[in-house]
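The chain contents come next:
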Amino acid sequence: MNLLEYQAKELFREVGIPVLPAQRIERPTDLKALKIPYPVVLKSQVYVGERGRVGGIRFVSNTIDAIAAAHSIFNLSIVGEYPKVLLAEAKYDAQQEFYLAVVLNRSIRRPVLLGSKKGGIDVQTSIDEMQHVVVDQEFSSFYARRLTIKMGLSGDLINLVSDVVERMYRLFIDKDLDLVEINPLGVNAAGEVMALDGKVSVNDAALGRHPALAALDNRPQKFVLDRLPDSLTTIDADGQIAILCNGAALTMATMDLVSQAGGKLLHYLNIGSETHHDWQPETLCDRVDQGLKMLSQNKQVKVILVNLVGGTVPSDRIASTISKFLQRPPAPPIAIGAHKDNLRISRGVPVPKLVIRLLGTNMNEAKEILASTPALVLDDLDSAIEQLIAFTKRREG
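Attention here is on the structure that accompanies the text. (Residues numbered from 1 in each chain as written. Predicted model: local features only at pLDDT ≥ 70, side-chain atom pairs only at ≥ 80, totals over all residues. Heavy atoms only, no water.)

1. Quick word on the sheet that holds strand 13 (residues 303-309)
Strand pairing in a sheet takes place through backbone hydrogen bonds and is either antiparallel or parallel in direction.
Right, so step 1: The strand order 12-11-13-16-17 describes an open sheet built from 5 strands, whose pairing is parallel. Each end of this open sheet is capped by a strand with a single partner; those strands are strand 12 (265-270) and strand 17 (376-377).
Right, so step 2: For strand 11 (residues 241-245) and strand 12, the ladder comprises 5 bridges, and the chain directions are parallel. In the sheet register, Ile243 faces strand 12, and the bridge partner there is Tyr268.
Right, so step 3: Where helix 8 (residues 315-327) meets the sheet, its contacts fall on strand 13 and strand 16 (353-359), and the angle it forms with strand 16 comes to roughly 170 degrees.
Right, so step 4: With respect to the sheet, helix 9 (residues 363-370) is in contact with strand 16 and strand 17, its orientation differing from that of strand 16 by roughly 170 degrees. (Pairing = 2+ DSSP bridges. Helix = DSSP H or I, 4+ residues; strand = E, 2+ residues; numbered from the N terminus. Contact = heavy atoms within 4.5 Å. Axes fitted to C-alpha atoms, helices over the stretch in contact; angles between N-to-C directions.)

As structure tokens, this is what we get:
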């Protein structure tokens, strides 16, 4: 079970990890009673990452701007999720940003400390600089200091960051967590550290021992795409490309690579990781089918890049789902729009070209299934994106 940022920071406060003055905002008018002095930052409280890239984090300097920004954020879908609450937080001028995490490595069955001198949005592009320390014996401050030294820290920062890591580890153990992450840990001009964002994942099997954490579980009983959403996020109004991936990190990385290659991305869709706590094996296939239907409704989409990494679900099952989707006739007209005043009719359109990259088990069988379809199947992502761009250029020509 993942916690929202404001919930994670409440746990940080309990163990003494420094966090900023903050206030929950359940409706825009709550900002009229804001107790935090301006300027402040408003943050969408959703379970997916990369909020800042799509407008889910806004800095404001007065009440009027704050209320307007809150209205916008509450109505902003981030990978299909709308926030039920916002977090208003004091602004912090960070001179440096670090990444820190304590995570359970299931393959070695040990906690691992992670750290990088490049935090925030930079952590995605500097994964090779990530340092790690395996906690293979009883934990002591030695492990935390070893991580900070491997990160290249010096002087007072060694003690300050080590103290944060120790408190993160204590929280990790006491609450039976799978992950405690601070990204970024900010350092201001005075050399003070502050947890500017936080992520906590609770082990579902341990919720019975932690009723306070179990009470935070707001997850739906069944996490499935049972209907087409009213709208998709538009990245480039002139785009012709849509991407479908499973997992927030994979989605964002694929978006970056398509953009770097010169592609104009119209829509993206993260159908969710198959490791979700209550998914059945067929759930991922159901979401692939629903996701392809969603993206195909817009006649401006000329090509869809399907980039899926399978684990528990064999690739041939995913391939069968895609094959069945491609064999269907064009969908009948449907009405789409969040409000009746904005209702529009999407008429049946031909299925866009599919460029597919799958990674998982039973790949030979998957390729055989897709060989009889018009889909283009490639083994590596770079080649898939190259063909994707080439196809859109031919369509434009």
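2. Description of the packing of helix 8 against helix 9
Right, so step 1: As a packed pair, helix 8 and helix 9 sit with axes 7 Å apart at the nearest point and diverge in direction by 10 degrees. Relative to helix 9, helix 8 is oriented roughly parallel. For the pair formed by helix 8 and helix 9, the contact residues are Ser315, Asp316, Ala319, Ser320, Ile322 and Ser323 on the first element and Met363, Glu365, Ala366, Ile369 and Leu370 on the second.
Right, so step 2: Its residues placed into classes, the contact of helix 8 with helix 9 shows 6 nonpolar, 3 polar and 2 charged. (Parallel < 35°, antiparallel > 145°, perpendicular 65-115°, else oblique. Nonpolar A, V, L, I, M, F, W, Y, C, P; charged D, E, K, R; others polar.)

3. Some thoughts on the pattern of salt bridges
Right, so step 1: Inspection of every chain in the model, using the stated rule, returns 17 salt bridges.
Right, so step 2: In this structure, the salt-bridge partner of Glu5 is Lys43, at a minimum N-O distance of 2.9 Å. Note that Glu5 is positioned in helix 1 (residues 5-15) and Lys43 in strand 2 (residues 40-44), a separation of 38 residues in sequence. No difference in accessibility class separates Glu5 from Lys43, as the two residues are buried.
Right, so step 3: Linking Arg53 and Asp256 is a salt bridge whose minimum nitrogen-to-oxygen distance equals 2.8 Å. In this pair, Arg53 is assigned in the loop between strand 2 and strand 3 (57-60) and Asp256 in helix 6 (residues 248-260), connecting sequence segments 203 residues apart. (Salt bridge = Lys/Arg side-chain N within 4 Å of Asp/Glu carboxyl O. Buried < 20%, exposed > 50% of the residue type's maximum accessible area, 1.4 Å probe, protein only.)

4. Details of helix 1
Right, so step 1: Burial within helix 1 is extensive, with 8 of its 11 residues counted as buried.
Right, so step 2: The complete set of buried residues in helix 1 reads Glu5, Tyr6, Gln7, Ala8, Lys9, Leu11, Phe12 and Val15.
Right, so step 3: Directly after helix 1, the chain includes Gly16, whose backbone phi takes a positive value near 90 degrees.

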